[in-house]
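Per-entry structural report
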Amino acid sequence: MGPRGKAMEEVIRQSEMIENDYVKKWKSEGKKVLGYTCVMTPAEVIEAAGLLPYRIRALGNPHTEMADAHLSRFNCSFCRSCLQLGLDGTYEFLDGLIESNGCDHLRGMFENWQYVKEFDFFHYLKVPHIMTRDAMEYFEGEMELYRKAIGEYFEVEITDRELLRVMEEYSLIRDKLRVLYEIREGENPGMTGAEALAVILLGSAVPAGVFLDLLDRVIEERRDTDISGYRARLILCGAATDEVDFIREIESVGGLVVTDALCYGSRAFWTVERGGEEDPLKALAHMYLENLLCPRMFDDYYSRRDYVLAAVSRANVDGAILVHNKFCDVHGVDNVQLRMDLEKNDIPVLQLEKEYGAKADLGRIKTRVQAFLEKIG
Amino acid sequence: MPEVIGTTVKEGLFDRILSLLSLLDRIPEYLSDEELEGVSAFLPDDVASTMNAFFHPRVRRAGIKYMKMVSRWVQEAKRAKQEGRKVILMPFNFTPEVIHAFEGAFPLTSEVLTTLGVGGLEGQGQRYWDYAMGLGIPDHLCSSSTIELGSMLAGNDFEVDGIISATPGGCDANAKIHELVSHYLDIPQFILEKPVDNTERGKELYRRYFHTLVEELEEFIGEKLDEDRLRFVVENCNRASELYLELWEMRKNIPCPVPNLFSFFSYGCRFTMWGRPEAVECLEIMVEESARRLETGAYPAEKEIARCGWLYTGIYFDFANLYNWMEEQGYSYLWDVLNLCYPQPISIASRESMIDGLAEANWNMPMTRQMGGDSMSLCWLDDAIHTIKELNANCAIFCGHHACKQTWSVISILRTELMERAGAPVLCLQGDSWMKRMTPISVIQREVDEFVKNVVAPRRKGRKKATRKGG
């Protein structure tokens with residue numbers, strides 16, 4: 001749909017690898033990598049410890065035979081794909097895992113991964129499902145335990161000063177990602193949805209400094225680019241979708257994904273930061289829990305709905321695709337409510353339930369997307 | 001919609017159940033075989049099957065008492081609504097006694113209503129599931145709640161005033177469907193999250209959540225929890241706990257003198273009328289009947305071959321052909337996870353001590369305790385191993401309810417560890433515990449039967465032989 005520059009080429013190439021060149025370089029310098037999965041994990045603490053925070057992904061890996069000996073066919077195929085990579089050696093570069101209670105499937109994935117691999121460092125960050133004063137107070141305590149566990153095991157002092165420095169760096173990244181989204185959501189979009197996902201994916205698999213540099217270059221390349229030849233502007237919302245190919249397929253039939261509400265997409269950085277003089281851990285606790293736009297949170301559906309509606313309006317979309325992986329309860333149910341609310345707002349909706357990484361599913365999905373595009377003109 | 005003498009005929013699950021239970025309420029405490037046969041002849045097959053299971057001579061006295069208790073529970077909910085009291089819908093893992101302690105409120109349990117619909121309605125309530133699917137709700141949600149909630153979503157059911165969601169932290173599927181219903185029908189929702197943290201920090205947070213919930217309920221119901229009324233309820237809870245544990249103790253005997261169906265009846269009491277005299281009376285009869293069987297050495301089969309612990313839920317669409325059938329084969333159904341609620345005496349010293357005690361009871365409710373623990377596999381495993389050893393079980397069965405993503409995600413760990421640490425082989429079934437569409441009961445029977453005959457029984461013989469050789 002549009003020309004690629006050198007920076008975007010580099011992003012795409014690196015984002016297609018689990019162990020990208022930056023991770024390899026990091027490891028070759030004798031440094032450690034910690035794996036995590038959910039957006040609710042404050043990666044700043046890991047980075048401030050001098051470790052590389054790496055967000056677990058499966059990149060559409062369709063194989064699950066080893067994982068299926070542990071998880072079941074009734075578990076989400078994204079988790080099974082990730083576990084497969086954990087068991088088959090792809091994730092051998094990890095020096096530990098941070099579990100978080102994102103959903104029932106993810107918890108099972110972590111428990112099985114640890115049961116088989118027995119990481120020396122395995123920490124469970126327990127995140128409340130509601131946002132109340134008691135929950136926040138608890139989460140602040142969890143943040144202390146999280147810092148302490150990493151610090152003690154890796155024998156490093158995670159100082160407030162270093163934490164504040166990293167938080168500033170992450171804040172800059174978030175600002176730049178918003179600029180990227182302005183380019184993407186504008187009247188003449190400067191990048192495809194597949195490209196945008198690749199950028200964000202890479203961002204949670206490289207050191208912050210590297211990502212900042214790449215972001216600057218991508219923004220520079222794409223500021224004046226116009227993508228053309230699409231039939232409709234779409235928003236993609238829903239489950240853990242790190243499948244760049246999936247978006248590429250949607251875009252191949254003419255639906256340009258100009259914005260998203262995905263947890264590997266905008267929900268990973270669209271955070272309202274807290275200003276003021278504050279204990280950095282406390283600030284992180286508030287920032288993460290108060291902005292957790294994930295359907296695993298309860299009593300908070302209307303924030304998620306408003307977030308999607310705001311993106312719909314900002315990006316002036318013609319239609320919405322709501323996606324969830326088979327057996328994903330949290331997104332599966334949220335998407336029902338979201339569909340109803342979007343339709344109330346005259347936004348045409350295509351609701352897709354799919355298997356993660358299943359190429360065989362793509363034909364069916366493309367047919368449905370094509371029909372949807374016909375419907376919305 | 002058909003009209004009958006100026007009254008709208010309700011098509012929802014609750015009202016259909018209410019009509020049926022109102023009839024059953026007229027059944028005498030003692031029913032002869034002939035009378036039962038006569039009544040069954042007039043009932044549709046699905047209903048007659050459940051009735052024949054519950055009123056089988058071996059369990060009839062308790063079965064009738066249980067059905068009368070449930071009937072009263074449903075009728076009282078209806079009456080509460082008519083009187084302007086708040087009817088609160090809640091999941092099975094919330095203690096109903098909290099709501100019973102309010103004069104102005106009454107609890108209804110989603111999963112119990114579903115189970116009544118499955119066991120008591122022609123078509124087993126599947127039309128409500130289909131309605132939910134028609135709204136786009138995913139088919140991998142849990143039928144235990146979605147059947148009743150599907151009926152509510154259809155808009156022609158009993159209208160509850162509030163919903164308690166006690167499953168965040170323990171079960172995504174349950175928590176999400178209750179949330180959706182609350183939004184769709186614009187019913188206030190009260191959330192009790194289970195922190196996945198078994199340390200003192202986690203317990204303290206839960207205690208605080210629970211106290212907040214009580215305050216929210218007080219405001220919603222418009223009534224401060226009265227200490228005397230609360231004490232009356234807690235005293236009933238304590239008495240019920242004693243009886244529940246007495247029944248539990250009796251299960252240790254070989255052969256097991258507690259009928260298989262009492263597992264279901266006893267948690268049926270836990271999820272509906274706990275805190276009320278009706279639950280106490282029902283449990284008293286179960287204890288009496290089991291004690292009588294223990295005394296006489298009565299057992300439905302020639303010998304007890306398998307002592308089975310059901311690791312998660314049971315199966316609820318054909319009671320006769322699971323619980324009663326197993327018993328007749330010599331396969332005792334000792335417990336399932338819903339029995340694992342670990343009732344403890346609650347101090348009645350003060351309002352505070354009683355509320356704290358109820359918070360603890362909630363913490364220990366089934367599923368909350370296992371799946372809401374800091375490790376699903378370890379918390380579940382600890383309870384399973386402890387129970388297998390305590391009740392001398394020689395095998396375990398996992399129902400394989402497809403919607404239980406949490407259990408399915410760690411069952412492989414349990415299967416390995418139970419064999420290694422408790423010597424208990426595990427049979428993993430697949431299906432839906434509330435719907436016969438996925439796996440029919442004949443297949444379940446065959447799998448259980450083959451498992452016992454090919455795995456459990458030979459191991460039992462091997463052990464006996466080894467014991468004899470060892471002198």
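Residues numbered from 1 in each chain as written. Chains lettered and ligands numbered in written order. Predicted model: local features only at pLDDT ≥ 70, side-chain atom pairs only at ≥ 80, totals over all residues.

**A word on the overall build of chain A**
Within chain A one finds 14 helices and eight strands. For chain A, the C-alpha radius of gyration of 20 Å lies close to 21 Å, the compact-globule estimate for 377 residues. Seen along its three principal axes, the alpha-carbon backbone of chain A occupies a region of about 60 × 45 × 45 Å. Every one of the 377 residues in chain A was classed for burial, and the buried ones make up 55%. Sequence separation of at least 24 residues holds for 75% of the intrachain contacts in chain A that already meet a minimum separation of 6. (Helix = DSSP H or I, 4+ residues; strand = E, 2+ residues; numbered from the N terminus. Rg over C-alpha atoms; globule rule 2.2 N^0.38 Å. Buried ≥ 20, exposed ≤ 12 C-beta atoms within 10 Å, placed from the backbone. Contact = placed C-beta atoms within 7 Å.)

**A short note on the overall build of chain B**
Along chain B, the regular secondary structure elements total 19 helices and ten strands. Radius of gyration (C-alpha) of chain B: 22 Å, near the 23 Å computed for a compact globule of 471 residues. Overall size of chain B, expressed as C-alpha extent along the three principal axes, is 70 × 55 × 45 Å. For chain B, with 471 residues in total, the buried portion stands at 55%. Partitioning the intrachain contacts of chain B with sequence separation of at least 6 by distance along the chain shows that 77% fall at a separation of at least 24.

**Description of the sheet that holds strand E5 (residues 162-165) of chain B**
Residues and elements named next belong to chain B. Across the sheet, which stays open at both edges, the four strands sit in the order E4-E3-E5-E6 with parallel pairing between neighbours. The open sheet has two edge strands, strand E4 (105-109) and strand E6 (189-191), and neither has a second partner. Each neighbouring strand pair of the sheet contributes to a mean axis angle of 25°, computed without reference to strand direction. In terms of strand pairing, E5 meets E6 through three bridges, oriented parallel. Bridging across to E6, Ile 163 finds its partner in Gln 189. (Pairing = 2+ DSSP bridges. Axes fitted to C-alpha atoms, helices over the stretch in contact; angles between N-to-C directions.)

**Re the pairing of strand E3 (residues 97-100) of chain A**
Residues and elements named next belong to chain A. The alternating pattern of E3 places Leu 97 and Glu 99 on one face and Ile 98 and Ser 100 on the opposite face, and all of these are buried. Relative to strand E4 (residues 122-125), E3 is paired through four bridges, and the arrangement is parallel. Within the sheet, the bridge partner assigned to Ile 98 lies in E4 and is His 123. Note that the unit made of E3, helix H5 (residues 104-117) and E4 has a crossover that is right-handed. (Right-handed = clockwise from strand over helix to strand, strands pointing away.)

**What to know about the packing of helix H4 (residues 77-87) of chain A against H5 of chain A**
Residue and element names in this part refer to chain A. Relative orientation of the contacting elements H4 and H5 amounts to 15°, with a least axis distance of 10 Å. One way to sum up the angle between H4 and H5 is to call them roughly parallel. Every pair of crossing elements has a handedness; the one defined by H4 and H5 is right-handed. From H4, Cys 79, Cys 82, Leu 83, Gly 86 and Leu 87 reach across to H5, where they touch His 105, Leu 106, Met 109, Asn 112, Trp 113, Val 116 and Lys 117. (Parallel < 35°, antiparallel > 145°, perpendicular 65-115°, else oblique. Left-handed = near helix turned anticlockwise from the far one by under 90°.)

**Re helix H13 (residues 277-296) of chain B**
Because an α-helix packs 3.6 residues into every turn, residues spaced three or four apart end up facing the same way. Residues and elements named next belong to chain B. In this model H13 runs 29 Å from its N-terminal to its C-terminal C-alpha over 20 residues, within 8% of the 28 Å that 1.5 Å per residue would give. Taken as a whole, H13 has its buried residues at Glu 278, Ala 279, Val 280, Cys 282, Leu 283, Ile 285, Met 286, Val 287, Glu 289, Ser 290 and Arg 293. Elements in contact with the buried residues of H13: helix H4 (60-82), helix H11 (227-250) and helix H12 (261-270). Among the residues trailing H13, Gly 297 stands out with phi positive, at a value near 70°. (Expected span 1.5 Å × (residues − 1).)

**Considerations on the interface of chain B and chain A**
Listed as interface residues are 39 residues of chain B and, on the opposing side, 37 residues of chain A. Those elements that place two or more of their residues in the side of chain B that touches chain A are helix H9 (172-184), helix H10 (200-221), helix H17 (376-390) and helix H18 (405-422) of chain B. Residues belonging to the side of chain B that touches chain A are distributed by class as follows: 19 nonpolar, eleven polar and nine charged. (Nonpolar A, V, L, I, M, F, W, Y, C, P; charged D, E, K, R; others polar.)

**Let's talk about the packing of helix H6 (residues 133-153) of chain A against helix H11 (residues 280-290) of chain A**
Think of two packed helices as two axes; the pair is described by the angle between the axes and how far apart they sit. Residues and elements named next belong to chain A. At their nearest, the axes of H6 and H11 sit 9 Å apart, and the two run at 120° to each other. Taken together, H6 and H11 sit at an angle that is classed as oblique. Here H6 and H11 pass one another in a crossing that is right-handed. Residues Met 136, Phe 139, Glu 140, Met 143, Glu 144 and Arg 147 of H6 lie in contact with H11, whose contacting residues are Leu 281, Lys 282, Leu 284, Ala 285, His 286 and Leu 289. Residues of the contact of H6 with H11, tallied by class, amount to seven nonpolar, one polar and four charged.

**Some remarks on the sheet that holds strand E8 (residues 349-354) of chain A**
Residues and elements named next belong to chain A. A sheet is described by the order of its strands in space; here four strands give the open sequence E6-E5-E7-E8, paired in parallel fashion. Edge strands, defined here as strands with exactly one partner in the open sheet, are strand E6 (255-262) and E8. Taken over all neighbouring pairs, the strand axes of this sheet differ in orientation by 25° on average, direction set aside. In this sheet, strand E7 (residues 319-325) lies alongside strand E5 (residues 232-238) in parallel orientation, the contact comprising five bridges. Considered in E7, the bridge of Leu 236 is made with Ile 321. Of the strands in this sheet, E5, E6, E7 and E8 touch helix H14 (residues 359-376), which is tilted by about 175° from E8.

**Re helix H3 (residues 45-54) of chain B**
Those residues of H3 of chain B that sit buried are Ser 49, Thr 50, Met 51, Ala 53 and Phe 54 of chain B. Residues of H3 of chain B that are buried sit in contact with helix H2 (33-41), H4, helix H6 (110-120), H12 and helix H14 (320-329) of chain B.

**Details of unusual backbone geometry**
Put simply, Ile 254 of chain B and Pro 255 of chain B share a cis peptide bond, and its omega is -5°. Positionally, Pro 255 of chain B belongs in the loop between H11 and H12. Unusually for a residue other than glycine, Glu 155 of chain A sits at a positive phi of about 50°. If you trace the backbone, Glu 155 of chain A turns up in the loop between H6 and helix H7 (160-185). C-beta crowding within 10 Å serves as the criterion here: with 7 such atoms nearby, Glu 155 of chain A is assigned to the exposed category. A positive phi angle, close to 55°, is found at Asp 186 of chain B, a residue other than glycine.

**Digging into the environment of Phe 102 of chain B**
Residues and elements named next belong to chain B. Positionally, Phe 102 belongs in the loop between helix H5 (97-100) and E4. Expressed as a C-alpha distance, the spacing of Phe 102 and Gly 222, which sit 120 residues apart in the sequence, is 9.7 Å. Residue contacts for Phe 102: discarding those within four places in its chain leaves Ile 221, Glu 223 and Leu 225.

**Focus: the nonpolar core**
Residues Ala 320 of chain A together with Leu 283 and Ala 396 of chain B are the most contacted members of the largest nonpolar core, which totals 281 residues. It is H4 of chain B that contributes the most residues to this core, nine residues altogether. Aside from chain neighbours lying at most four places away, what touches Leu 283 of chain B is Ala 240, Leu 243, Tyr 244, Leu 247, Ser 266 and Cys 269 of chain B. (Core = buried A, V, L, I, M, F, W, Y, C linked by C-beta atoms within 7 Å.)

**Regarding the confidence of the model for chain B**
All names here are of chain B. Here chain B shows a mean pLDDT of 94. Residues at 70 or above account for 96%. Confidence drops under pLDDT 50 across residues 1-7; counting only partners more than four residues distant or on other chains, this segment forms five contacts. The ipTM value of the predicted complex is 0.95, and its pTM value is 0.95. (pLDDT = per-residue confidence, 0-100.)

**Here we look at the environment of Tyr 302 of chain A**
Looking at where Tyr 302 of chain A falls in the secondary structure, it is placed in helix H12 (residues 301-315). On the basis of neighbour count, Tyr 302 of chain A is assigned to the exposed category, with 11 C-beta atoms found within 10 Å.

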